[in-house]
Each structure stands twice: as C-alpha cells, then as structure tokens.
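Listed here are the chains, written in short residue letters.
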Amino acid sequence: MEKPRPVTQAGKALALIAVVLLVCVPFLVILSTSLASTDEVVANGGWVLWPEEPTLKAYRDILDGGIVTHALAVSAGVTVIGTLLSLACTIGLAYALSRPGTFGRKPVLLLVLFTFLFPPGMIPSFLLVKGLGLLDSYASLVLPVLINVFNLVVLRGFFQSVPEELYEAARLDGAGEWRVLVSIVLPLSKAALAVVGLFYAVAYWNSWFYASLYLESDHWPLQQVLRTYVVAGSGLTDITTGEGTVTAPQTVQMAVLVIATVPILLLYPFLQKYFTKGVLTGAIKS
C-alpha cells in the first residue's frame, strides 16, 4: 500500500486545525466575554478574546436575580423526567413493533411512519394542547413530543438485530415478553439506549419553541430565557425586586449562554463511544 505523501498529510493537518479553530474560537470568545469586566467589554466593542481581569460578576448577577436559577431548575426537571418517560415509551413501542407476532404491528408501524412524513402544524398542535387542558403546564413540553419517530426506528432496528436464538432460548426457559425485554434485550442494547437517551435529553434541554407557545413567562425554561436575553435583547431584571443590573448586556448574554450550554455538553464525552454503534446498527437494520 502506498504511503501518504508528506504534502497530503500536511494538508490534512492544516484542514483539521482550521476546523478545530472554527469550532473552538467562538466558544473561547463566549467564555472570555462572560468573564470580562464591564469596562473591558465596552472598550473592545462587546467581545473579548482573552480577559485581562477575569470576574464572575455576570454569573453572580444572573444567578442572584432568580430568573435563570428558576429556569435552570425547570429545564433540568423537564429534561430528566421527559427523557425517562420518552425512553420508557419508546422502548415499549419499539420492542412491540420489532416482534413478528405482535397484533396490529404493521398498521401501527405505518401510522407511526405517517406522522414522520406528515407532522402536525403549529395551530393543530396548539389546539390539541389547549383542548387537553395542558396550557401553562410543564406537561405540554413533554407529552406532545413524547416519542420521536427517528429514535423509535433506531431502537426498533436495534431490537431486530438481537439474534432470534436468544428469544427462543429465553422462552424455552419460561421467560415472558417482559422478562425477555428486561433481562436480554435491554442489556444488549446499551449503545442504542445511550444514544437515543442523549438525543431525547438534548431535544428537551434545547427546546424553547413549545415553551414560547404554551407557557407563561414565569414558567419558562432556560433556553427561552436565553432567547429573550440574546435574540430579543431584553435586559436582566431581578425576579424579586424588579431592578435591572448594570452588567454589560453582552456579558450577561454570554454568561447565560455558557450556563445553558455546559451541562448538556458535559454528557457528550461519556456517550461518544456509543454513537457509531448505536445509530448505525439500528438505522442500517431498519
């Protein structure tokens, strides 16, 4: 086999370095701006690459106000509860659709895939949530998106990849469907479950659109608060006193952005090894 030429290797290295810089430099700017002082941010036109005198004033301001801490608790609760409920429902439906003898398997599968091709619009979704009495309720952030069709297809394909001999051996030992699922299928599907769980967690954590439709401002999750600060340009107001802070707007925006990004970002290194195996195996099999 012909060895790669030095020029080719150098080109690949430069391309990789360029991509890394394009990804890392914006994160560095965001973190540095959130740690910079008000005068330094103003002097540099709103952005700081490396703060001369790092300070946590912006973080203290937004956390003392109560808005971000409450929104952070809302996002954490919705993410944890929503991910667990979505995983449970997706696992149950995917396992049922993966077994050949399930009653009504094909019609249900076609119905699920139909919703993937023709998703409901914003107005029908709002009318449904309103008709169910879920407006201004945290359940409105979970129930309408409880099962994601893509995640369902991935899990179904992974369950189908489990050798049929294992199912037959378990039934010969007297195991029922529940026992087979818990003792055999789920332990063999850790990679797919980790990936699907991460997909659900990221979706719940980053969700802001449904919150803007269904929730009042005092129930907003963190991403909707972040959108208010960054996109709408609203200032930071203390939730107890109603007084605004004097921190530079860019500093506040970047601090909220860091708080909203770091928690979910910390999950990726622990689940990265499952990505290829979990997604490709399930998707190819499906």
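Residues numbered from 1 in each chain as written. Predicted model: local features only at pLDDT ≥ 70, side-chain atom pairs only at ≥ 80, totals over all residues. Heavy atoms only, no water.

Colleague: What exactly am I supposed to notice about the overall build of the protein chain here?
Modeller: A tally of regular secondary structure across the protein chain gives 15 helices and zero strands. The buried share of the protein chain, reckoned over its 286 residues, is 36%. For the protein chain, the share of sequence-separated contacts (at least 6 apart) that also reach a separation of at least 24 residues comes to 73%. Accessible surface for the protein chain amounts to roughly 16,800 Å². Of this, 69% is attributable to carbon and sulfur atoms. (Helix = DSSP H or I, 4+ residues; strand = E, 2+ residues; numbered from the N terminus. Buried < 20%, exposed > 50% of the residue type's maximum accessible area, 1.4 Å probe, protein only. Contact = heavy atoms within 4.5 Å. Areas by Shrake-Rupley, 256 points an atom, 1.4 Å probe, with all protein chains shown as cover.)

Colleague: Could you clarify how one ought to interpret the nonpolar core in this entry?
Modeller: The nonpolar side chains of a soluble globular protein tend to be buried, and buried together. Ranked by size, the top nonpolar core spans 54 residues in total, and within it V68 and L155 carry the most contacts. Apart from the residues within four sequence positions on either side, L155 is in contact with T90, I91, A94, A192, L193 and V196. (Core = buried A, V, L, I, M, F, W, Y, C linked by side-chain atoms within 4.5 Å.)

Colleague: Before we go on, may I ask you to explain the packing of aromatic side chains in this structure?
Modeller: Note on aromatic pairs: each is described by the distance of the centres and the angle between the planes. Throughout the structure, instances matching the rule amount to seven aromatic pairs. Ring centres of F126 and Y214 lie 6.2 Å apart, and the angle between their planes is 20°; on these two criteria the pair is classed as stacked. Here Y214 lies in helix 11 (residues 209-214) and F126 lies in helix 6 (residues 122-131), a separation of 88 residues in the sequence. Judged by relative accessible area, which is 28%, F126 ranks as partly exposed. According to the relative accessible area criterion, Y214 is buried, its value standing at 3%. Every member of this aromatic cluster is reached through a ring pair, and the members are F126, W208, F209, Y210 and Y214. Note that R99 overlies the ring of Y167, its terminal NZ or CZ placed 3.7 Å from the centroid. (Phe/Tyr/Trp six-rings, centres within 6.5 Å; stacked < 30°, edge-to-face > 60°. Lys NZ or Arg CZ within 6 Å of the ring centre and 35° of its normal.)

Colleague: When you look at the side chain of S34 in this model, what are you seeing that I'm missing?
Modeller: Topologically, S34 is positioned in helix 1 (residues 6-35). Relative accessible area serves as the criterion here: at 0%, S34 is assigned to the buried category. Looking at S34, its side chain comes within polar contact range of the side chain of Y59, at 2.7 Å. Filtering out sequence-adjacent residues up to four positions away, S34 remains in contact with T55, A58, Y59, T251, M254, A255 and V258. (Polar contact = N/O pair within 3.5 Å; in protein donor to acceptor, adjacent residues only side chain to side chain.)

Colleague: Would you mind showing me how to read the pattern of salt bridges here?
Modeller: Opposite charge on two side chains permits pairing when their charged atoms draw close. Using the criterion set out here, one finds two salt bridges in the structure. In this structure, R99 engages E164 in a salt bridge whose closest nitrogen and oxygen atoms are separated by 3.0 Å. Taken as a pair, R99 in the loop between helix 4 (67-98) and helix 5 (105-117) and E164 in helix 8 (residues 164-172) lie far apart in primary sequence, 65 residues in all. A residue is classified by how much of its surface remains accessible, and R99, at 8% relative accessible area, is buried. Given a relative accessible area of 34%, E164 falls into the partly exposed group. (Salt bridge = Lys/Arg side-chain N within 4 Å of Asp/Glu carboxyl O.)

Colleague: Explanation requested: helix 12 (residues 222-230) in the structure shown.
Modeller: Every α-helix winds through 3.6 residues per turn, so residues three or four apart in the chain are directed the same way. By the criterion of burial, helix 12 is predominantly enclosed, with seven of the nine residues buried. Among all positions of helix 12, only L222, Q223, Q224, V225, L226, T228 and Y229 are buried. Looking at the buried side of helix 12, the elements it contacts are helix 4, helix 10 (190-206), helix 11 and helix 13 (249-265).

Colleague: Where do I start with the environment of T79 in this structure?
Modeller: For T79, the position within the fold is in helix 4. Taking relative accessible area as the criterion, T79 reaches 9% and is therefore assigned buried. Taking the C-alpha atoms as reference points, T79 and L141, separated by 62 residues in sequence, lie 9.6 Å from one another.

Colleague: Help me understand the side chain of T33 in this model?
Modeller: With respect to the secondary-structure elements, T33 resides in helix 1. Polar side-chain contacts of T33 include one of 3.2 Å to the backbone nitrogen of V48. Ignoring any residue separated from it by four or fewer positions in sequence, one finds T33 in contact with V41, G46, W47, V48, Q250, T251 and M254.

Colleague: So what exactly am I meant to see when it comes to the packing of helix 4 against helix 5 here?
Modeller: Packed helices, taken two at a time, are described by their axes: the angle between them and the distance between them. Packing of helix 4 against helix 5 brings their axes to within 9 Å, and their N-to-C directions diverge by 130°. By the angle between their directions, the pair helix 4 and helix 5 is classed as oblique. The handedness of the crossing between helix 4 and helix 5 is left-handed. Facing L93, A96, L97 and S98 of helix 4, the residues of helix 5 in contact are R105, V108, L109 and V112. Residue composition of the contact of helix 4 with helix 5, grouped by class: six nonpolar, one polar and one charged. (Axes fitted to C-alpha atoms, helices over the stretch in contact; angles between N-to-C directions. Parallel < 35°, antiparallel > 145°, perpendicular 65-115°, else oblique. Left-handed = near helix turned anticlockwise from the far one by under 90°. Nonpolar A, V, L, I, M, F, W, Y, C, P; charged D, E, K, R; others polar.)

Colleague: Explanation requested: the environment of V129 in the structure shown.
Modeller: Relative to the helices and strands, V129 is located in helix 6. Exposure remark for V129: the relative accessible area of 3% places this residue in the buried category. In the structure, V129 is positioned 14 residues away from L143 in sequence and 9.1 Å away in space, judged by C-alpha atoms. Here V129 is in contact with L134, L135, S140, P144 and Y214, once residues within four sequence places are set aside.

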